[in-house]
Amino acid sequence: MSDPSLFASPLARQSARNLRTVEWLSENNTWSSDSFYRWNFWRTRRMMTMTPDEAAAWLPALAFAVSCEKDADVLDELAWWPLPEPLPPEALPWRDILIRNWEQRPVPTEEEKSIRLFALVRLDRRAERLPEWLREARRALDLEPENRHLRLAALAGWRPRPGDGPPHGDKTGAAEAWVRFWEKSYKSPNMDGLIAAAALLHLAEAGWLPSGLSPERLRAELRQRVRQCLISYDDWPVLPMLLFSVPADASAPERLRQNIKAWLKLSHRNARWEKRKAIWNMLAAWQREGVLERSGRGRLPEPPLLLPDLARALECEQDGEVLWAMAGYIPGAVEVSAHPEAARAVVAHWEARSRDGYWNFCLAAWVGRWNLMRAGVLTAEEQARFDADYVEAIGTEDDRYVLLALVQITPPGTFPLAIWTRRLSDQDDRCRLAAGLAIHDWLVDMAGGSEASGEWKFTTRYPLLTTHYSLLAITGRQVRQVLRRAGQEGAGNRPVAPFVNLPLKVLPDFRRLHEIETALAAGHLPPLPDTGAGNRPIPRTVPARLPEAQPRTGTPGITGQTTGRTAGSEPPARHPFPEVIRHE
């Protein structure tokens with residue numbers, strides 16, 4: 001039988017790399033002992049703009065993280081991961097694995113059970129699970145208010161799948177009981193009524209309320225209740241959870257514009273920060289889905305554009321959580337061309353914030369700048385400032401969380417190997433881990449490129465380095481030989497890079513990467529790293545002349561803007577060096 005990895009798609013290769021990255025981090029005691037560090041890693045990654053294939057390529061890594069994570073806050077962050085619809089067929093088994101890992105998690109607290117349900121109702125939208133969700137909703141009524149509201153908000157996010165008809169043919173009666181449950185709660189004037197309004201809106205959008213409340217009325221009622229509700233300390237996570245899944249009304253552009261204006265009025269500077277954050281999270285989700293730009297094509301002379309509102313809101317916003325939500329809003333080409341001054345104001349604001357001394361503001365600003373660059377919003381001058389600020393920041397930034405975010409930003413150009421190598425000697429162990437992660441991922445890039453999921457490979461004069469299949473074909477020893485040879489092939493045999501002695505811990509384990517890719521190509525996750533790896537030989541630390549100036553090429557961008565092929569866009573190809581794998 002042939003090796004599945006020999007025919008692995010770009011999506012499978014990128015998924016294998018992502019999973020191996022998280023495994024590599026989890027093998028470090030610094031990562032395992034600092035839950036806030038892990039939480040920031042996942043939040044930063046989620047808020048960075050991703051194509052649908054890029055988001056799908058993280059599903060195996062998410063499944064691994066869910067299976068071993070013990071902190072409730074990190075689990076809550078994992079539950080918010082965006083799930084592209086429709087998923088590539090190849091990623092469907094990975095989603096099923098993620099669902100199974102969430103189901104198998106122990107839930108020692110009511111909060112963690114609500115987090116698990118919030119993830120499951122978004123991942124598994126089959127109507128066959130309604131009896132289970134209905135039982136959980138009825139049990140929630142017996143909980144204390146803070147736990148009851150969180151549990152009901154998690155369940156209210158369930159939406160019927162496209163094409164699932166109304167529940168008139170339901171043999172078990174669970175679907176009709178589900179509708180009646182929320183209709184009864186809808187009459188409550190407190191938080192229970194607000195949660196029920198969001199749940200009924202999902203059902204009305206799917207046509208499950210043919211003789212009941214209309215989507216238009218429910219949208220207006222939802223806004224009214226958000227404006228009137230008083231959010232207690234225990235209930236502050238409820239509103240973002242509810243609005244995160246609220247769909248945009250894309251059927252009528254004029255109504256959508258009015259709907260957006262009404263929501264923006266609720267996010268004024270004197271509103272509670274929880275409301276501002278929830279509303280901007282919702283608007284950013286609509287923009288990522290392309291609803292706002294599609295609504296204006298050929299139907300309205302002026303589509304709903306939020307860029308001027310974002311520029312005004314950024315001028316006075318002083319809450320870090322709200323800034324994070326705003327960083328996720330990525331204006332489209334229509335907005336930028338219609339409001340160039342507002343676009344420049346937003347870019348300038350994020351530039352200023354990225355130099356702010358407060359770590360949370362700085363972190364959100366770097367994510368905002370990166371998203372704007374990938375979306376093609378930056379001018380040539382702004383791009384040059386981004387590159388200069390990035391190189392300066394990775395060399396001088398002393399906040400461990402900001403440095404971790406900078407690792408996940410990979411602008412085109414020369415990889416600053418010397419700077420990251422110097423940071424391996426930082427006194428802060430979390431800064432050392434971030435530097436190690438940057439070099440580890442760069443070595444994987446150099447060995448095989450990273451065309452999968454719209455990322456960029458390094459274009460060099462050395463064919464072996466630019467062959468993305470070679471990532472899994474060659475051993476760690478061969479990788480070091482390739483890199484050493486690349487560093488020695490300058491003009492007149494002069495070295496083109498400084499002599500760098502990399503520590504063992506940053507060298508990629510290509511045999512493990514091959515195991516992961518083989519498993520993912522077959523539709524399952526590999527065994528944990530410590531199972532079956534006891535006899536794996538440990539590579540020696542080999543001094544290598546590493547190329548300091550191997551440029552990334554092409555303009556980083558989201559779907560349709562990258563120079564390389566995105567995942568799934570090319571047919572499976574045979575591994576060019578299968579005999580190497582067979583003889584390893």
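Residues numbered from 1 in each chain as written. Predicted model: local features only at pLDDT ≥ 70, side-chain atom pairs only at ≥ 80, totals over all residues. Heavy atoms only, no water.

## Describing helix 10 (residues 145-156)
Along its 12 residues, helix 10 runs 16 Å from first to last C-alpha, staying within 8% of the 16 Å computed at 1.5 Å per residue. Those residues of helix 10 not exposed but buried are Arg148, His149, Leu150, Arg151, Leu152, Ala153, Ala154, Leu155 and Ala156. Those residues of helix 10 hidden inside the fold are in contact with helix 8 (110-123), helix 9 (130-140), helix 11 (174-186), helix 12 (191-205) and helix 14 (238-244). (Helix = DSSP H or I, 4+ residues; strand = E, 2+ residues; numbered from the N terminus. Expected span 1.5 Å × (residues − 1). Buried < 20%, exposed > 50% of the residue type's maximum accessible area, 1.4 Å probe, protein only. Contact = heavy atoms within 4.5 Å.)

## Overview of helix 29 (residues 510-521)
An ideal rise of 1.5 Å per residue puts 16 Å on 12 residues; helix 29 measures up with 16 Å between its terminal C-alpha atoms. For helix 29, the complete set of buried residues consists of Phe510, Arg512, Leu513, His514, Ile516, Glu517, Ala519 and Leu520. Just beyond helix 29, the residue with positive phi is Gly523, at close to 90°.

## Some words on the packing of helix 9 against helix 11
The contact between helix 9 and helix 11 brings their axes to 9 Å, and the two run at 30°. Here the hand of the crossing between helix 9 and helix 11 comes out left-handed. Of the residues in helix 11, those in contact with Leu130, Pro131, Trp133, Leu134, Ala137 and Arg138 of helix 9 are Ala174, Ala175, Ala177, Trp178 and Phe181. Split into classes, the residues belonging to the contact of helix 9 with helix 11 amount to 10 nonpolar, no polar and one charged. (Axes fitted to C-alpha atoms, helices over the stretch in contact; angles between N-to-C directions. Left-handed = near helix turned anticlockwise from the far one by under 90°. Nonpolar A, V, L, I, M, F, W, Y, C, P; charged D, E, K, R; others polar.)

## Points about the packing of aromatic side chains
For the structure shown, the criterion picks out 25 aromatic pairs. By way of ring pairs, the aromatic residues Trp31, Phe36, Tyr37, Trp39, Phe41, Trp42, Trp58, Trp81, Tyr358, Trp359, Phe361 and Tyr401 are connected into one cluster. Sitting over the ring of Phe118, Arg122 keeps its end group 5.7 Å from the ring centre. When the ring centre of Trp366 is taken as origin, the NZ or CZ atom of Arg369, which lies over that ring, is 4.9 Å away. (Phe/Tyr/Trp six-rings, centres within 6.5 Å; stacked < 30°, edge-to-face > 60°. Lys NZ or Arg CZ within 6 Å of the ring centre and 35° of its normal.)

## Let's talk about the packing of helix 11 against helix 12
Between two packed helices, both the angle of their axes relative to each other and the distance between the axes serve to describe the pair. Two numbers describe how helix 11 lies on helix 12: the axes approach to 8 Å, and their chain directions differ by 140°. Relative to helix 12, helix 11 is oriented oblique. In this structure, helix 11 crosses over helix 12, and the sense of that crossing is left-handed. Residues Trp178, Val179, Trp182, Glu183, Ser185 and Tyr186 of helix 11 form the contact with helix 12, whose own contacting residues are Asp192, Gly193, Ile195, Ala196, Ala197, Ala199, Leu200 and Leu203. Residues of the contact of helix 11 with helix 12, tallied by class, amount to 10 nonpolar, two polar and two charged. (Parallel < 35°, antiparallel > 145°, perpendicular 65-115°, else oblique.)

## What to know about the confidence of the model for the chain
If pLDDT is low for a region, its predicted coordinates should not be looked at in detail. With 76% of its residues at a pLDDT of 70 or more, the chain has an overall mean of 79. For the stretch residues 296-301, pLDDT sits under 50, and the model shows eight contacts to residues farther than four places along the chain or on other chains. In the model, residues 531-584 has pLDDT below 50 throughout and makes 145 contacts with residues more than four positions away in sequence or in other chains. (pLDDT = per-residue confidence, 0-100.)

## Brief notes about the environment of Gln14
Inspection of the secondary structure assignment puts Gln14 in helix 1 (residues 10-26). Classification of Gln14 as buried rests on a relative accessible area of 4%. Along the backbone, Gln14 and Glu517 are 503 residues apart, and their C-alpha atoms lie at a distance of 8.9 Å.

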